[in-house]
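Here's the letter readout for the chains.
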Amino acid sequence: MLNEGKKRKTVLIIDDSPINIEHLAQVLKGDYQIKVANSGASGLEASRSQHPDLILLDIVMPEMDGYQVCRALKEDDSTRNIPVIFITTKSDIEDETRGLALGAVDYITKPFRAPIVKARVKTHIKLKHNSDLLEKLALIDGLTGLPNRRRFEQILKREWGRARRAQESLSVIMLDIDHFKEFNDHYGHLAGDRCLNRVAQALPGPLKRPADAVFRYGGEEFIAVLPDTDYGYALKLAEQMRAAVGKLHIPHQYNNAENPYISVSLGVTSVIPNSRITPRELVKQADRMLYVAKKGGRNCVRGQMLDDTATTSRHAGEA
(Lines give C-alpha, C1' and ligand atoms only; values in the text may rest on other atoms or scores of the structure.)
Protein backbone atom coordinates (compact mmCIF):
# COMPACT_ATOMS: atom_id res chain seq x y z
CA MET A 1 0.00 0.00 0.00
CA LEU A 2 2.85 2.34 0.72
CA ASN A 3 4.15 1.87 -2.81
CA GLU A 4 0.85 3.08 -4.22
CA GLY A 5 1.52 6.51 -2.77
CA LYS A 6 4.76 6.72 -4.77
CA LYS A 7 3.19 5.93 -8.13
CA ARG A 8 2.85 8.80 -10.56
CA LYS A 9 -0.79 9.84 -10.41
CA THR A 10 -2.86 10.31 -13.54
CA VAL A 11 -4.90 13.40 -14.40
CA LEU A 12 -7.43 13.24 -17.24
CA ILE A 13 -8.23 16.55 -18.96
CA ILE A 14 -11.59 16.62 -20.76
CA ASP A 15 -11.89 19.77 -22.89
CA ASP A 16 -12.81 20.48 -26.49
CA SER A 17 -10.23 23.30 -26.74
CA PRO A 18 -6.70 22.18 -27.75
CA ILE A 19 -5.30 25.43 -26.33
CA ASN A 20 -6.85 24.81 -22.91
CA ILE A 21 -5.63 21.20 -22.92
CA GLU A 22 -2.11 22.27 -23.81
CA HIS A 23 -2.06 24.96 -21.14
CA LEU A 24 -3.28 22.64 -18.39
CA ALA A 25 -0.91 19.88 -19.49
CA GLN A 26 2.04 22.27 -19.32
CA VAL A 27 1.09 23.27 -15.80
CA LEU A 28 0.70 19.70 -14.51
CA LYS A 29 2.95 17.41 -16.58
CA GLY A 30 5.91 17.84 -14.23
CA ASP A 31 3.98 16.21 -11.38
CA TYR A 32 1.44 13.91 -13.03
CA GLN A 33 0.85 11.62 -15.96
CA ILE A 34 -1.50 13.49 -18.27
CA LYS A 35 -4.28 11.93 -20.35
CA VAL A 36 -6.56 13.98 -22.60
CA ALA A 37 -9.97 13.72 -24.24
CA ASN A 38 -11.49 16.36 -26.53
CA SER A 39 -15.18 15.52 -26.04
CA GLY A 40 -17.56 14.40 -23.34
CA ALA A 41 -18.10 10.98 -24.92
CA SER A 42 -14.40 10.25 -25.35
CA GLY A 43 -13.80 11.54 -21.83
CA LEU A 44 -16.26 9.02 -20.41
CA GLU A 45 -14.63 6.23 -22.37
CA ALA A 46 -11.16 7.26 -21.16
CA SER A 47 -12.40 7.48 -17.56
CA ARG A 48 -13.75 3.92 -17.66
CA SER A 49 -10.74 2.39 -19.39
CA GLN A 50 -7.89 4.32 -17.75
CA HIS A 51 -9.26 5.01 -14.24
CA PRO A 52 -7.49 8.35 -13.68
CA ASP A 53 -6.86 9.65 -10.19
CA LEU A 54 -8.52 12.99 -10.99
CA ILE A 55 -10.48 14.60 -13.83
CA LEU A 56 -10.30 18.23 -14.96
CA LEU A 57 -13.55 18.79 -16.79
CA ASP A 58 -14.64 21.71 -18.97
CA ILE A 59 -18.32 22.56 -18.73
CA VAL A 60 -18.99 24.18 -22.12
CA MET A 61 -18.56 21.49 -24.78
CA PRO A 62 -20.66 20.59 -27.82
CA GLU A 63 -23.01 17.59 -27.88
CA MET A 64 -22.32 16.55 -24.29
CA ASP A 65 -21.49 19.28 -21.77
CA GLY A 66 -19.52 18.92 -18.56
CA TYR A 67 -22.60 18.63 -16.38
CA GLN A 68 -23.80 15.64 -18.40
CA VAL A 69 -20.36 14.06 -18.25
CA CYS A 70 -20.16 14.53 -14.48
CA ARG A 71 -23.62 13.04 -14.00
CA ALA A 72 -22.65 9.99 -16.08
CA LEU A 73 -19.41 9.56 -14.13
CA LYS A 74 -21.20 9.59 -10.80
CA GLU A 75 -23.85 7.12 -11.98
CA ASP A 76 -21.21 4.56 -13.01
CA ASP A 77 -19.78 2.35 -10.24
CA SER A 78 -16.41 2.18 -12.01
CA THR A 79 -15.94 5.98 -12.12
CA ARG A 80 -18.08 7.24 -9.24
CA ASN A 81 -15.17 7.83 -6.87
CA ILE A 82 -12.90 9.73 -9.28
CA PRO A 83 -12.73 13.36 -8.10
CA VAL A 84 -13.87 15.89 -10.70
CA ILE A 85 -12.77 19.52 -10.82
CA PHE A 86 -14.71 21.77 -13.18
CA ILE A 87 -12.64 24.31 -15.11
CA THR A 88 -14.86 26.82 -16.88
CA THR A 89 -15.61 30.43 -17.78
CA LYS A 90 -18.92 30.13 -15.90
CA SER A 91 -18.57 32.00 -12.63
CA ASP A 92 -22.16 32.43 -11.42
CA ILE A 93 -22.98 31.01 -8.02
CA GLU A 94 -25.80 29.00 -9.61
CA ASP A 95 -23.37 27.32 -12.03
CA GLU A 96 -20.93 26.48 -9.27
CA THR A 97 -23.71 25.15 -7.04
CA ARG A 98 -25.03 22.98 -9.85
CA GLY A 99 -21.59 21.48 -10.49
CA LEU A 100 -20.98 20.71 -6.83
CA ALA A 101 -24.45 19.22 -6.49
CA LEU A 102 -23.61 16.79 -9.30
CA GLY A 103 -20.62 15.52 -7.33
CA ALA A 104 -17.69 17.72 -8.40
CA VAL A 105 -15.15 18.37 -5.65
CA ASP A 106 -13.99 21.79 -6.80
CA TYR A 107 -14.55 24.57 -9.32
CA ILE A 108 -11.85 26.68 -11.02
CA THR A 109 -12.79 29.59 -13.26
CA LYS A 110 -10.98 30.74 -16.38
CA PRO A 111 -8.66 32.40 -16.95
CA PHE A 112 -7.00 30.23 -14.32
CA ARG A 113 -3.70 30.77 -12.56
CA ALA A 114 -1.18 27.94 -12.63
CA PRO A 115 -0.41 27.97 -8.87
CA ILE A 116 -4.12 27.68 -8.05
CA VAL A 117 -4.60 24.77 -10.43
CA LYS A 118 -1.52 22.96 -9.10
CA ALA A 119 -2.51 23.50 -5.47
CA ARG A 120 -6.09 22.31 -5.88
CA VAL A 121 -5.13 19.30 -7.97
CA LYS A 122 -2.52 18.32 -5.39
CA THR A 123 -5.03 18.66 -2.55
CA HIS A 124 -7.68 16.50 -4.20
CA ILE A 125 -5.18 13.88 -5.40
CA LYS A 126 -3.97 13.53 -1.81
CA LEU A 127 -7.53 13.32 -0.46
CA LYS A 128 -8.37 10.65 -3.03
CA HIS A 129 -5.28 8.62 -2.10
CA ASN A 130 -6.09 8.80 1.61
CA SER A 131 -9.70 7.84 0.94
CA ASP A 132 -8.63 4.84 -1.16
CA LEU A 133 -6.20 3.75 1.54
CA LEU A 134 -8.87 3.90 4.24
CA GLU A 135 -11.28 1.98 2.03
CA LYS A 136 -8.73 -0.77 1.49
CA LEU A 137 -7.95 -0.99 5.18
CA ALA A 138 -11.67 -1.27 5.91
CA LEU A 139 -11.83 -4.35 3.67
CA ILE A 140 -8.92 -6.23 5.27
CA ASP A 141 -9.10 -8.44 8.34
CA GLY A 142 -6.61 -6.97 10.82
CA LEU A 143 -5.51 -10.31 12.28
CA THR A 144 -5.00 -12.53 9.24
CA GLY A 145 -4.47 -9.97 6.47
CA LEU A 146 -7.14 -11.71 4.37
CA PRO A 147 -10.03 -9.75 2.85
CA ASN A 148 -12.86 -9.55 5.36
CA ARG A 149 -16.55 -10.40 5.28
CA ARG A 150 -17.50 -6.99 3.90
CA ARG A 151 -15.14 -7.52 0.97
CA PHE A 152 -16.50 -11.05 0.50
CA GLU A 153 -20.01 -9.68 0.11
CA GLN A 154 -18.81 -7.17 -2.48
CA ILE A 155 -16.94 -9.81 -4.47
CA LEU A 156 -19.77 -12.35 -4.29
CA LYS A 157 -22.23 -9.78 -5.62
CA ARG A 158 -19.88 -8.88 -8.47
CA GLU A 159 -19.07 -12.48 -9.41
CA TRP A 160 -22.72 -13.51 -9.13
CA GLY A 161 -23.61 -10.87 -11.72
CA ARG A 162 -20.84 -12.00 -14.05
CA ALA A 163 -21.73 -15.67 -13.72
CA ARG A 164 -25.40 -14.98 -14.35
CA ARG A 165 -24.65 -12.98 -17.50
CA ALA A 166 -22.24 -15.63 -18.83
CA GLN A 167 -24.25 -18.57 -17.47
CA GLU A 168 -21.15 -20.00 -15.81
CA SER A 169 -20.79 -21.98 -12.60
CA LEU A 170 -20.00 -20.13 -9.40
CA SER A 171 -18.77 -22.10 -6.38
CA VAL A 172 -18.35 -21.30 -2.70
CA ILE A 173 -16.35 -23.16 -0.05
CA MET A 174 -17.16 -22.44 3.59
CA LEU A 175 -14.91 -23.88 6.27
CA ASP A 176 -13.95 -23.55 9.89
CA ILE A 177 -11.31 -24.90 12.25
CA ASP A 178 -12.36 -27.99 14.15
CA HIS A 179 -12.69 -27.68 17.94
CA PHE A 180 -11.21 -24.19 17.88
CA LYS A 181 -12.85 -23.14 21.15
CA GLU A 182 -11.12 -26.02 22.92
CA PHE A 183 -7.84 -25.00 21.25
CA ASN A 184 -8.20 -21.43 22.54
CA ASP A 185 -9.18 -22.58 26.01
CA HIS A 186 -6.22 -24.94 26.30
CA TYR A 187 -3.42 -23.11 24.47
CA GLY A 188 -4.53 -19.52 25.03
CA HIS A 189 -5.76 -16.75 22.77
CA LEU A 190 -2.29 -15.73 21.54
CA ALA A 191 -1.75 -19.28 20.31
CA GLY A 192 -5.24 -19.10 18.81
CA ASP A 193 -4.31 -15.96 16.89
CA ARG A 194 -1.12 -17.59 15.61
CA CYS A 195 -3.14 -20.61 14.53
CA LEU A 196 -5.64 -18.45 12.64
CA ASN A 197 -2.77 -16.69 10.90
CA ARG A 198 -1.10 -19.91 9.80
CA VAL A 199 -4.37 -21.37 8.54
CA ALA A 200 -5.15 -18.12 6.71
CA GLN A 201 -1.78 -18.30 4.94
CA ALA A 202 -2.26 -21.95 3.95
CA LEU A 203 -5.79 -21.78 2.56
CA PRO A 204 -5.11 -19.73 -0.62
CA GLY A 205 -2.26 -22.05 -1.66
CA PRO A 206 -4.33 -24.41 -3.85
CA LEU A 207 -6.09 -21.48 -5.58
CA LYS A 208 -4.07 -20.65 -8.69
CA ARG A 209 -6.33 -18.29 -10.63
CA PRO A 210 -6.33 -14.55 -9.86
CA ALA A 211 -10.14 -14.43 -9.52
CA ASP A 212 -10.22 -17.14 -6.83
CA ALA A 213 -10.13 -15.67 -3.32
CA VAL A 214 -10.33 -16.65 0.35
CA PHE A 215 -11.90 -14.38 2.97
CA ARG A 216 -12.08 -14.43 6.74
CA TYR A 217 -15.78 -14.78 7.34
CA GLY A 218 -15.66 -14.35 11.10
CA GLY A 219 -14.13 -16.04 14.14
CA GLU A 220 -12.56 -19.30 12.97
CA GLU A 221 -14.65 -19.38 9.78
CA PHE A 222 -13.31 -18.73 6.29
CA ILE A 223 -15.00 -18.68 2.90
CA ALA A 224 -13.71 -18.97 -0.66
CA VAL A 225 -15.33 -17.63 -3.84
CA LEU A 226 -14.47 -19.53 -7.02
CA PRO A 227 -15.74 -17.90 -10.25
CA ASP A 228 -16.23 -20.07 -13.34
CA THR A 229 -15.65 -23.21 -11.25
CA ASP A 230 -17.86 -26.26 -11.57
CA TYR A 231 -18.91 -28.45 -8.67
CA GLY A 232 -16.42 -31.25 -9.29
CA TYR A 233 -13.42 -28.96 -9.41
CA ALA A 234 -14.62 -27.04 -6.35
CA LEU A 235 -14.66 -30.32 -4.41
CA LYS A 236 -11.06 -31.00 -5.46
CA LEU A 237 -9.96 -27.54 -4.37
CA ALA A 238 -11.71 -27.97 -1.02
CA GLU A 239 -9.89 -31.26 -0.45
CA GLN A 240 -6.58 -29.58 -1.31
CA MET A 241 -7.33 -26.80 1.17
CA ARG A 242 -8.15 -29.39 3.85
CA ALA A 243 -4.86 -31.17 3.15
CA ALA A 244 -2.89 -27.90 3.19
CA VAL A 245 -4.09 -27.13 6.71
CA GLY A 246 -3.32 -30.68 7.82
CA LYS A 247 0.27 -30.32 6.63
CA LEU A 248 0.79 -27.44 9.08
CA HIS A 249 0.88 -30.02 11.91
CA ILE A 250 -0.31 -27.55 14.52
CA PRO A 251 -0.72 -29.63 17.72
CA HIS A 252 -4.27 -29.86 19.07
CA GLN A 253 -4.66 -32.51 21.74
CA TYR A 254 -8.43 -31.91 21.96
CA ASN A 255 -8.98 -32.82 18.32
CA ASN A 256 -9.58 -36.36 17.05
CA ALA A 257 -7.29 -38.80 18.87
CA GLU A 258 -6.24 -40.27 15.51
CA ASN A 259 -5.26 -36.81 14.27
CA PRO A 260 -3.96 -34.65 17.18
CA TYR A 261 -3.45 -31.62 14.94
CA ILE A 262 -5.49 -28.67 13.77
CA SER A 263 -7.92 -29.64 11.02
CA VAL A 264 -10.75 -28.00 9.10
CA SER A 265 -14.20 -29.05 7.93
CA LEU A 266 -15.47 -27.73 4.62
CA GLY A 267 -18.82 -27.28 2.90
CA VAL A 268 -19.00 -26.83 -0.88
CA THR A 269 -21.79 -25.69 -3.14
CA SER A 270 -22.02 -24.61 -6.76
CA VAL A 271 -24.68 -23.03 -8.93
CA ILE A 272 -25.30 -21.47 -12.31
CA PRO A 273 -27.03 -18.27 -11.13
CA ASN A 274 -30.54 -17.43 -12.28
CA SER A 275 -33.37 -15.18 -11.21
CA ARG A 276 -34.85 -17.82 -8.87
CA ILE A 277 -31.73 -18.13 -6.70
CA THR A 278 -29.94 -15.49 -4.64
CA PRO A 279 -26.30 -15.21 -3.51
CA ARG A 280 -27.52 -15.54 0.08
CA GLU A 281 -28.95 -18.98 -0.74
CA LEU A 282 -25.59 -20.05 -2.17
CA VAL A 283 -23.86 -19.13 1.09
CA LYS A 284 -26.58 -20.78 3.19
CA GLN A 285 -26.17 -23.99 1.22
CA ALA A 286 -22.41 -23.97 1.79
CA ASP A 287 -23.05 -23.40 5.51
CA ARG A 288 -25.44 -26.36 5.56
CA MET A 289 -22.80 -28.54 3.94
CA LEU A 290 -20.26 -27.37 6.51
CA TYR A 291 -22.68 -28.51 9.22
CA VAL A 292 -22.98 -31.91 7.47
CA ALA A 293 -19.17 -32.15 7.46
CA LYS A 294 -19.08 -31.41 11.20
CA LYS A 295 -21.72 -34.05 11.89
CA GLY A 296 -19.84 -36.48 9.68
CA GLY A 297 -16.77 -36.52 11.88
CA ARG A 298 -14.95 -33.28 10.93
CA ASN A 299 -11.72 -32.99 8.91
CA CYS A 300 -13.68 -33.72 5.74
CA VAL A 301 -15.44 -32.14 2.77
CA ARG A 302 -19.16 -32.28 2.08
CA GLY A 303 -20.95 -30.63 -0.82
CA GLN A 304 -24.09 -30.30 -2.90
CA MET A 305 -25.20 -28.49 -6.01
CA LEU A 306 -27.65 -25.81 -5.00
CA ASP A 307 -30.33 -27.08 -7.38
CA ASP A 308 -29.77 -30.81 -6.63
CA THR A 309 -31.84 -32.88 -4.24
CA ALA A 310 -29.21 -35.49 -3.44
CA THR A 311 -26.04 -34.69 -1.50
CA THR A 312 -22.79 -35.47 -3.24
CA SER A 313 -19.89 -35.65 -0.83
CA ARG A 314 -16.19 -36.22 -0.73
CA HIS A 315 -14.53 -37.47 2.41
CA ALA A 316 -11.08 -36.53 3.68
CA GLY A 317 -8.43 -38.55 1.95
CA GLU A 318 -10.46 -39.41 -1.17
CA ALA A 319 -8.86 -38.77 -4.55
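Computed from a prediction, not measured in an experiment: that's the story for all the values here.

What counts and how
Residues numbered from 1 in each chain as written. Predicted model: local features only at pLDDT ≥ 70, side-chain atom pairs only at ≥ 80, totals over all residues. Heavy atoms only, no water. Pairing = 2+ DSSP bridges. Helix = DSSP H or I, 4+ residues; strand = E, 2+ residues; numbered from the N terminus. Axes fitted to C-alpha atoms, helices over the stretch in contact; angles between N-to-C directions. Contact = heavy atoms within 4.5 Å. Buried < 20%, exposed > 50% of the residue type's maximum accessible area, 1.4 Å probe, protein only. Polar contact = N/O pair within 3.5 Å; in protein donor to acceptor, adjacent residues only side chain to side chain.

**A word on the sheet that holds strand S3 (residues 54-58)**
For step 1, the next point in the chain: Taken in spatial order, the 5 strands of this open sheet run S2-S1-S3-S4-S5, and their pairing is parallel. Since the sheet does not close on itself, it has two edges, and those belong to strand S2 (33-37) and strand S5 (106-109), each with one partner. Averaged over all pairs of adjacent strands, the angle between strand axes in this sheet comes to 20°, irrespective of strand direction.
For step 2, the next point in the chain: Pairing geometry for strand S4 (residues 84-88) and S5, over 4 bridges, is parallel. Looking at the pairing, Thr 88 lines up with Thr 109 of S5.
For step 3, the next point in the chain: Packing of helix H5 (residues 114-138) onto the sheet brings it into contact with strand S1 (10-14), S3, S4 and S5, and relative to S5 it is tilted by some 170°.

**Focus on helix H3 (residues 66-75)**
Working note: α-helix, 3.6 residues per turn, so residues spaced by three or four point in the same direction.
For step 1, the next point in the chain: Of all the 10 residues making up H3, 7 are buried; the element is thus mostly covered by neighbouring parts of the structure.
For step 2, the next point in the chain: Of the surrounding secondary structure, the elements contacted by the buried residues of H3 are S1, helix H2 (40-50), S3, S4, helix H4 (93-101) and S5.
For step 3, the next point in the chain: Here H3 starts with a cap whose side-chain oxygen sits 3.1 Å from the backbone nitrogen of Tyr 67, and that cap is Asp 65.

**Quick word on the environment of Arg 8**
For step 1, the next point in the chain: For Arg 8, the location among the structural elements is in the segment before S1.
For step 2, the next point in the chain: The class of Arg 8 is partly exposed, set by a relative accessible area of 46%.
For step 3, the next point in the chain: On a C-alpha basis, the gap between Arg 8 and Asp 53 in space is 9.7 Å, while along the polypeptide they are 45 residues apart.
For step 4, the next point in the chain: Those residues in contact with Arg 8 that lie beyond four places of it in its chain are Lys 29, Gly 30, Asp 31, Tyr 32 and Gln 33.
For step 5, the next point in the chain: Only 2.5 Å separates the side chain of Arg 8 from the backbone oxygen of Lys 29, close enough to count as a polar contact.
For step 6, the next point in the chain: Of the polar contacts made by the side chain of Arg 8, one reaches the backbone oxygen of Tyr 32; its length is 3.2 Å.

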